[in-house]
Amino acid sequence: MKCPFCGHPDTQVVDSRGGDEGDFIRRRRRCGSCDRRFTTYERPELAMPSVVKRNGSRNEYDASKLRASLSLALRKRPVSTDDVDAVVMRIEDRLLTSGEREVSTQMLGELVMAELKKLDKVAYVRFASVYKSFEDIGEFVEAIREMQGPQPRRTKS
């Protein structure tokens, strides 16, 4: 590893430690030329799958697009940025662990809807209305019923 201070091409690892979650290695290095120390982090490089749109075109996965969709659905809702970050991480983990090289926008949309359903019911309905292209109030009502789950049957008294 090249020294970031003097550019010397040879540095020595002084100490290595794994991250708390075991998902990276922290290395303390020392330059053999200028004797300055610096830290590097080693993480696995994982490639996100390509996203296949309904028209068949393919795009690179873009976390900012996912975050923008979530932000739009969650606009003016009492949901913290940390909760949104956690949703993005869970969706990205699912994409990475799927082992697929390509995912459809439909699959991505379903993952978003599942997360929003757990996070915020209003945001779920907002997202579903755009994602499923609702055209009348009946489709909104159906989405709300679907979200609420089966209703208990009322008995006559």
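Let me sum up the structure you'll find in this document. (Residues numbered from 1 in each chain as written. Predicted model: local features only at pLDDT ≥ 70, side-chain atom pairs only at ≥ 80, totals over all residues. Heavy atoms only, no water.)

### As for the sheet that holds strand E3 (residues 37–42)
Two strands in a sheet stick together by hydrogen bonds in their backbones, pointing the same way (parallel) or opposite ways (antiparallel).
Part 1 of the argument: What the three strands build is an open sheet, ordered E1-E2-E3; its pairing is antiparallel. Both edges of this open sheet fall to strand E1 (11–18) and E3, since each of them pairs with a single strand only. This sheet shows a mean twist of 25° between the axes of neighbouring strands, independent of strand direction.
Part 2 of the argument: Across seven bridges, E1 lies against strand E2 (residues 25–31) in antiparallel orientation. Each residue of the ladder has a partner; that of Asp 15, found in E2, is Arg 28. (Pairing = 2+ DSSP bridges. Helix = DSSP H or I, 4+ residues; strand = E, 2+ residues; numbered from the N terminus. Axes fitted to C-alpha atoms, helices over the stretch in contact; angles between N-to-C directions.)

### Observations concerning the side chain of Thr 11
Part 1 of the argument: With respect to the secondary-structure elements, Thr 11 resides in strand E1.
Part 2 of the argument: When its relative accessible area of 11% is taken as the criterion, Thr 11 is described as buried.
Part 3 of the argument: Within the structure, Thr 11 has its side chain in polar contact with the backbone oxygen of Met 1 (distance 2.8 Å).
Part 4 of the argument: If sequence neighbours within four positions are ignored, Thr 11 has contacts with Met 1, Lys 2, Cys 3, Arg 29, Arg 30, Cys 31 and Phe 38. (Buried < 20%, exposed > 50% of the residue type's maximum accessible area, 1.4 Å probe, protein only. Polar contact = N/O pair within 3.5 Å; in protein donor to acceptor, adjacent residues only side chain to side chain. Contact = heavy atoms within 4.5 Å.)

### Brief notes about helix H3 (residues 105–119)
Part 1 of the argument: The end-to-end C-alpha separation of H3 is 21 Å, in line with the 21 Å expected for 15 residues at 1.5 Å each.
Part 2 of the argument: Along H3, the residues that are buried comprise Leu 108, Gly 109, Leu 111, Val 112, Met 113, Glu 115 and Leu 116. (Expected span 1.5 Å × (residues − 1).)

### Describing the environment of Met 113
Part 1 of the argument: Within the secondary structure layout, Met 113 lies in helix H3.
Part 2 of the argument: Considering only alpha carbons, one finds Met 113 and Tyr 124, 11 residues apart in sequence, at a separation of 6.1 Å.

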